[in-house]
Amino acid sequence: MRIDIITVLPELLSGPFDHSIVKRAREKGLVEIQLHPLRDFSEDKHRRVDDYPFGGEAGMVMAVQPIENAIRHLTSQRDYDEIIFTTPDAPVFNQGAANQLSTLQNLIILCGHYKGVDQRVRDHLVTMEWSIGDYVLSGGELAAAVITDSIVRILPGAISDGASALSDSFQDGLLSPPVYTRPADYKGWKVPEILLSGHAAKIDDWKHEQSLEKTRRLRPDLLGDSPN
Ligand code: 6GU
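A short tour of the structure in this document, coming up. In this convention, every chain numbers its residues from 1, walking through the sequence in written order. Owing to the predicted nature of the model, reporting of local features is limited to residues with pLDDT of at least 70; listing and counting of side-chain atom pairs is limited to 80 or more, with chain, interface and lining totals taken over all residues. Values reported for side chains reflect all heavy atoms of the structure, with hydrogen atoms and water molecules removed beforehand.

Considerations on unusual backbone geometry
Note the cut-off: Helix numbering and strand numbering both begin at the N terminus, where a helix is a DSSP run of H or I of at least 4 residues and a strand a DSSP run of E of at least 2.
Put simply, Arg-182 and Pro-183 share a cis peptide bond, and its omega is 0°. Assignment of secondary structure puts Pro-183 in the loop between helix 6 (141–152) and strand 8 (185–186). Positive phi, normally seen in glycine, also occurs at Ser-20, with a value near 55°. Looking at the secondary structure, you find Ser-20 in helix 2 (residues 20–27).

Here you go:
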């Protein structure tokens, strides 16, 4: 898989992909992640990528020209499955979207900035838009990092324990059950007896029950119930 990220702040995205599972996935050749500074594609003599909004509101707007040049530059080299735009005014990203995107070959992620992007970019250049939650970030870079991480960690071979990604929270629509490690008794704080019992089937039942209880308590919306 290949992920090309178009951004005004490439410095912000050099760190997140250089650690842990994503770093190892890159080293194994499971994914290539390339950063493309949007300013490099500006035809403006000051390398500007934003301009004042028509209609006179506050804030600046990302202009079409640098973005179109950046996207054309990439799409002239290969076909892309999706061109994703990160912005708070979009559907909220979730595990299902990560799973689907992880099956694709080539992705572009365009990081939103300022007051937003000229709507013509969204109408004519982008194929998919995601927010990562109902709060506002300074820019789309952290959202692009979140989306990329969630996709890459589930690529086949990225996690050594093959079952591990499938038992994540949300993969079955539920939160994960609690986990414990040694010692079985830490200063009187005890690990639940059932986990020490060796009864695999009973342990699975217990984990599922814990998942359900936790989801009901913390995220009833995932069960189709309203909170409280
Ligand atoms: Cl994708 N971008 C920004 N700027 N803020 C956000 C977001 C994206 N998702 C949630 N908040």
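As for the side chain of Glu-82
Filter applied, for reference: Burial status follows relative accessibility: with a 1.4 Å probe on protein chains alone, a residue under 20% of its type maximum counts as buried, one over 50% as exposed, and anything between as partly exposed. We treat Lys and Arg as the positive residues and Asp and Glu as the negative residues; His and chain ends play no part in the count. The rule for a salt bridge is simple: a side-chain nitrogen of Lys or Arg has to be within 4 Å of a carboxyl oxygen of Asp or Glu. Two N or O atoms count as a polar contact when they lie within 3.5 Å, although within protein this holds only if one can serve as hydrogen donor and the other as acceptor, and sequence-adjacent residues are included solely when both atoms are side-chain atoms. For this analysis, residues touch if any pair of their heavy atoms sits within 4.5 Å.
Position of Glu-82 relative to the elements: it lies in strand 5 (residues 82–86). Of the side chains bearing the opposite charge, Arg-122 lies closest to the buried Glu-82, which forms no salt bridge; the N-O distance is 14 Å. A distance of 2.7 Å separates a polar atom in the side chain of Glu-82 from a polar atom in the side chain of Thr-127. Aside from chain neighbours lying at most four places away, what touches Glu-82 is Leu-101, Leu-104, Asn-106, Leu-107, Ile-108, Thr-127 and Met-128.

Some points on the site of the ligand
We count it as follows: When at least one non-hydrogen atom of a residue lies within 4 Å of a molecule or strand, that residue is treated as near it. Throughout, the Shrake-Rupley method with a 1.4 Å probe supplies accessible areas, and for residues the shown protein chains are the sole cover considered. When residue character is reported, Ala, Val, Leu, Ile, Met, Phe, Trp, Tyr, Cys and Pro are called nonpolar, Asp, Glu, Lys and Arg charged, and the others, Gly included, polar.
Around the ligand, the surrounding shell holds 13 residues, and the nearest of these are Thr-87, Ile-132, Gly-133, Tyr-135 and Leu-137. Contact distances for the ligand include 3.3 Å between a nitrogen atom and a side-chain N or O atom of Ser-131. Within the backbone of Tyr-135, one N or O atom sits 2.5 Å away from a nitrogen atom of the ligand. Out of a free accessible area of 290 Å², the ligand has 96% covered by protein chains. When its residues are assigned to classes, the shell around the ligand shows seven nonpolar, six polar and no charged.

None of this, on its own, says anything about what the molecule does.
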